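Observations on chain architecture
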Amino acid sequence: MLLQSHGEQDSMEVILVYSKLCLMVMTAHVHTSYSKISHSPFHITPSKLQLFEYESVYFTCEGVNISAELKVRNIRQILSKCSNSTVMKRCGIKYALASDSGEYWCESGAERSNAVSITVSAGAVILESPVHPVVEGDAVTLHCRNKITSSNFTAEFYKDNFFMGTRYEGKLEIQNVLMSHEGFYKCKIHEVGESPESWMAVRRKSNAGEDSSFRITASRLHLFETESVYFTCRGFNISTDWKVRNAREIVSQCSNGTVTKTCRIDHASASDSGEYWCESGAERSNAVSITVSSGAVILESPVHPVVEGDAVTLHCRNTNTSSNFTADFYKDNFFMGTRYEGKLEIPDVSKSHEGLYKCKIHGVGESPETWVAIRRKSNAGEVPHEEIAFSHNFYILRCTAVTVGLALQLLVLGLLQWKLQLVLSVLLLLTSHFQ
């Protein structure tokens, strides 16, 4: 058998080298692309949900790159007393006042965490409850506190305004939490006072493989009484048991799509105002807050954060459908100007436009305030998932095509080499025969 030619060996080496290069390039490409779009979902946790005035509370942001611009804030102000560690950021209020009550969240660039609500009480009684949802089967203790440090007192406990019983030293212990324990709790100390209500959330134990990445969106954030609003849940398995709810009740009018579920409230009332979210088993989505106004004026604002550079229009509406009116617009209580037909148009939004907006129609009324969030544009190096998938497939196809082409060339060269060797063998046989 004749030896393999140098050309065939060289072609084989080229195929092997190219295949290795393809693998290295694809791996590097996928790693780089996904590192550009990867982001750590982050969340905020308060040290307590209820506290007395002049007590301290702090908020911890976790799951973020703390080297990036990050702040803890509510709708009115940014907390300035902060400290960083390698994996979290913590901001606090040293001497809280009743005016500090409300929702707080973390912001990092274009990302925003969940929101948590705290209550700073000017009264004499508060109820301390878990800052995290309680998991079914766990034990939990609710503490009824008063400004008097003495522990020699009894407290009455209520769930959803139903009397549960009296406990010594103000401690309500639940040894084995069930879903039925979820609800509003408060406590009362005779001749001292009653605490604000505190929502205790209960979560089912997570099942293996559950997907927690789902979200809720509202069709509007502000509406008049008797108008309709609907909520859409996306990003989860709609075949599982789930619901849209607020802290008090479940929204019952729902319909399924192939990838979404929508629930609606017809003829909304002021009592329907508040936060709503989607729940699926042990998972819970983000929350959206709506305001149902019994007044005569509302300000319609975007249901999603506005991206820098986009245009936005805020609509001042009144219960009179006539469009022949002018409205005064305010941002953070500063007068912005008067607009005809109640439309405030901002053609090129920047971060400075973020804030609390309201409108006023003379002789009619003033709208509730609405928060307009502005998000920075994504970094130039970021790549969408669809583009990454396309680029990755393109690399695979290109490398496969070139590799197959080289293999075919090697096969053709091998056949030619074999035919040449066959012809030479025949010539050698003929020559030896005639000799």
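Residues numbered from 1 in each chain as written. Predicted model: local features only at pLDDT ≥ 70, side-chain atom pairs only at ≥ 80, totals over all residues. Heavy atoms only, no water.

Looking at the overall build of the chain
To keep things clear, this is the line we draw: Helix and strand assignments come from DSSP, with helices taken as H or I runs of at least 4 residues and strands as E runs of at least 2, each series counted from the N terminus. Here's how the labels work: a residue is buried when its accessible area is under 20% of the maximum for its type, exposed when over 50%, partly exposed in between, all with a 1.4 Å probe on protein chains only. We call two residues contacting when some pair of their heavy atoms lies within 4.5 Å.
Summing up its helical and strand segments, the chain has two helices and 36 strands in all. Counting across all 435 residues of the chain, residues that qualify as buried make up 38%. Within the chain, contacts between residues at least 6 apart in sequence are counted, and of these 61% link residues at least 24 apart.

Overview of the sheet that holds strand β24 (residues 260-265)
Inclusion rule: Any two strands with at least two DSSP-identified bridges between them are counted as paired. Axis definition: a line fit to C-alpha positions, over the contact stretch in the case of helices; interaxial angles, taken between N-to-C directions, run 0 to 180 degrees.
Taken together, four strands build an open sheet; the order of strands is β19-β21-β24-β23 and the sheet is antiparallel. Whereas interior strands pair on both sides, the edge strands pair on one side only; in this sheet they are β19 (215-218) and β23 (253-256). Taking the axes of each pair of neighbouring strands and ignoring which way they run, one obtains an average angle of 20° across the sheet. The pairing of β19 with strand β21 (residues 229-234) spans four bridges and is classified as antiparallel. For alanine 218, the partnering residue across the bridge sits in β21 and is phenylalanine 231.

Looking at the sheet that holds strand β6 (residues 88-93)
Ordered in space as β1-β3-β6-β5, the four strands form an open sheet in which the pairing is antiparallel. Each of the sheet's edge strands pairs with one partner strand only, and the pair in question is β1 (43-46) and β5 (82-84). Sheet twist, expressed as the mean angle between neighbouring strand axes with direction ignored, is 20°. With four bridges connecting them, β1 and strand β3 (residues 57-62) associate as antiparallel partners. Pairing of histidine 43 across the sheet is with glutamate 62, part of β3.

With respect to the nonpolar core
Put simply, the test is: By nonpolar core is meant a set of buried Ala, Val, Leu, Ile, Met, Phe, Trp, Tyr and Cys residues that side-chain atoms within 4.5 Å join together.
Within the largest apolar cluster, 19 residues are counted, with the highest numbers of intra-cluster contacts made by Ile216, Phe231, Val244, Ile265, Tyr276 and Ile290. Counting residues in each nonpolar core, the second largest holds 18 residues, with Val134, Phe153, Phe157 and Met179 among its members.

Some points on the environment of asparagine 114
Selection criterion: What qualifies as a polar contact is a pair of N or O atoms within 3.5 Å, subject to a donor-acceptor requirement within protein and to the restriction that residues adjacent in sequence count only when both atoms come from side chains.
Here asparagine 114 shows up in strand β8 (residues 111-121). A relative accessible area of 32% places asparagine 114 in the partly exposed class. Between the C-alpha atom of asparagine 114 and that of glutamate 103, which follows or precedes it by 11 residues, the distance is 9.8 Å. What asparagine 114 contacts, discounting residues up to four positions off in sequence, is Phe42, His43, Ile44, Tyr104 and Trp105. At a separation of 2.9 Å, a polar atom in the side chain of asparagine 114 contacts the main-chain amide nitrogen of isoleucine 44.

A short note on the packing of aromatic side chains
The geometry of an aromatic ring pair is captured by the separation of the ring centres together with the interplanar angle, meaning the angle of the planes. Just so we agree on the cut-off: Each aromatic pair joins two rings of Phe, Tyr and Trp (for Trp, the six-membered one) with centres within 6.5 Å, and gets the label stacked for planes under 30 degrees apart, edge-to-face for over 60, and tilted for any other angle. A ring is scored as having a charge over it whenever the NZ atom of a lysine or the CZ atom of an arginine sits within 6 Å of its centre and within 35 degrees of its normal.
Applying the stated criterion across every chain yields a total of seven aromatic pairs. Ring centres 4.6 Å apart and planes at 20° place the aromatic pair phenylalanine 231 and tyrosine 276 in the stacked group. You can see phenylalanine 231 sitting in strand β21 and its partner tyrosine 276 sitting in strand β25 (residues 274-280), a full 45 residues away along the chain. With a relative accessible area of 1%, tyrosine 276 lands in the buried category. Three or more aromatic residues link up through ring pairs in this structure, and these residues are Phe184, Trp199 and Trp277. Above the plane of the ring of tyrosine 158 lies lysine 186, whose end atom (NZ or CZ) is 5.8 Å from the centre. Looking at arginine 248, its charged tip hangs above the ring of phenylalanine 184, at a distance of 4.6 Å from the centre.

Quick notes on the pairing of strand β26 (residues 283-293)
Two strands pair when backbone bridges link them, and strand β20 (residues 222-224) and β26 are joined in this way by three bridges, in the parallel orientation. In the sheet register, phenylalanine 224 faces β26, and the bridge partner there is serine 293. Pairing of β25 with β26, which is carried by six bridges, proceeds in the antiparallel orientation. Each bridged residue has a counterpart across the sheet, and for glutamate 279 the counterpart in β26 is arginine 284.

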